[in-house]
Amino acid sequence: MPTWTSVTTTNAPAWYILGHARHLLDQGAFKPIYFLDMPEIYSSSDFEELQRNVRIVLCNDDYWNKLTAKPGSVPKRQLINLKVARAFCACDWFLHLDSDEFLHLERDFADLTHGLPTEIHEIRLQNFERIISPDAPTWHTGRFRVPCWDTAALSQYPEFIQPFLGLGLANYYHGKSFVKNRPNLLQGIHGAIRKSEFEVIRFHLPWEAGFVGHYQFNGYEAFYKRITNKRQFGGALLEHEKAQARWIADANFGRDDIFRIAKSLFEAQDTEAERYMEHALFREMPQAYTERLANAFDAEQLRFP
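The rules behind each value
Residues numbered from 1 in each chain as written. Predicted model: local features only at pLDDT ≥ 70, side-chain atom pairs only at ≥ 80, totals over all residues. Heavy atoms only, no water. Core = buried A, V, L, I, M, F, W, Y, C linked by side-chain atoms within 4.5 Å. Buried < 20%, exposed > 50% of the residue type's maximum accessible area, 1.4 Å probe, protein only. Helix = DSSP H or I, 4+ residues; strand = E, 2+ residues; numbered from the N terminus. Contact = heavy atoms within 4.5 Å. Polar contact = N/O pair within 3.5 Å; in protein donor to acceptor, adjacent residues only side chain to side chain. Right-handed = clockwise from strand over helix to strand, strands pointing away. Pairing = 2+ DSSP bridges.

Asker: In this structure, what is going on with the nonpolar core? I would like to understand it.
Answerer: One broad trend across soluble globular proteins is that nonpolar side chains are buried collectively. Ranked by size, the top nonpolar core spans 44 residues in total, and within it W4, L103 and F178 carry the most contacts. Of all the elements, helix α1 (residues 14-25) adds the most residues to this core, at 6 residues. Setting aside anything within four residues of it in sequence, one finds W4 in contact with L24, Q27, G28, A29, F30, C91, W93, L95, L103, F109 and F178. Core analysis: the second largest hydrophobic core is formed by 28 residues, I132, Y224, I227 and F266 among them.

Asker: Got a minute to help me understand the side chain of K176 in this structure?
Answerer: Among the structural elements, K176 can be located in strand β9 (residues 176-180). A distance of 2.7 Å separates polar atoms of two side chains, one belonging to K176 and the other to E101.

Asker: Explain the pairing of strand β2 (residues 33-36) here, please?
Answerer: Looking along a regular strand, one sees side chains alternate from face to face of the sheet. Burial along β2 is two-sided: I33 and F35 and Y34 and L36, pointing in opposite directions, are all buried. Handedness of the β-α-β unit built from strand β1 (residues 4-10), α1 and β2 comes out right-handed. Where β2 and strand β3 (residues 55-58) come together, 4 bridges link them in parallel fashion. Residue pairing across strands places L36 opposite L58, the latter belonging to β3. Handedness of the β2-helix α2 (residues 44-53)-β3 crossover: right-handed.

Pasting the structure below:
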């Protein structure tokens with residue numbers, strides 16, 4: 001039976017990491033791996049609880065001194081951590097996930113991979129973006145905004161946010177991947193890179209069989225903190241993300257302006273959401289998905305702060 005694990009670089013609270021891990025363990029992950037980007041924020045009891053449930057790597061000065069100078073950007077640290085994980089773990093497949101991303105598989109991973117040609121070294125999952133109702137009491141529910149390349153449908157979005165969307169999504173649109181454990185493969189944040197002139201042969205999993213839910217907005221204050229901590233917008237951003245960054249920078253990182261862009265991008269009233277679903281811009285969350293998330297966290301942990 002094929003084994004798989006996830007790799008995440010994070011500074012999320014311990015309780016959140018545990019819920020994130022339970023969500024993955026419920027789907028068959030083997031001891032998810034969490035690289036703690038700021039280990040100094042955790043208590044000794046946090047470390048004890050985490051170590052009982054997941055594998056953790058402390059990305060402290062000793063860790064980076066053994067490898068290289070600590071990269072200044074999170075994506076570069078993620079890539080190094082992913083390489084480290086693939087070196088010490090013997091699982092058959094690896095999935096790189098951020099802590100604000102939640103995997104959903106409709107079938108067991110063994111069933112999903114059964115019958116796939118052996119030449120397939122990557123299983124690509126589409127990402128969806130969680131959109132919340134303004135009066136929602138919990139953060140795990142809502143609707144999904146899905147990729148779209150129909151310009152007529154995309155024109156249904158408010159003119160203000162249209163420059164801030166790429167293929168209909170506010171962040172990345174090219175999915176995440178399970179990547180096979182093979183010596184001739186490197187793994188990037190989103191997929192496989194082959195160490196030769198030959199292409200990686202990949203299988204694109206149908207949306208109905210599995211996807212990644214992206215929760216980049218969890219309240220105005222959290223979003224404000226996220227944005228103000230990312231004042232250096234690097235070249236790795238997609239063009240529509242650069243447009244968001246320029247607009248925020250032109251607004252001098254004003255709190256009200258950041259709240260405005262967050263509300264416009266990640267909230268929708270029910271009437272709006274229903275209209276967007278008619279144009280195939282939104283879709284309902286599967287019940288099995290929200291139930292699995294609810295089971296991974298305590299009820300109080302699902303409430304907005």
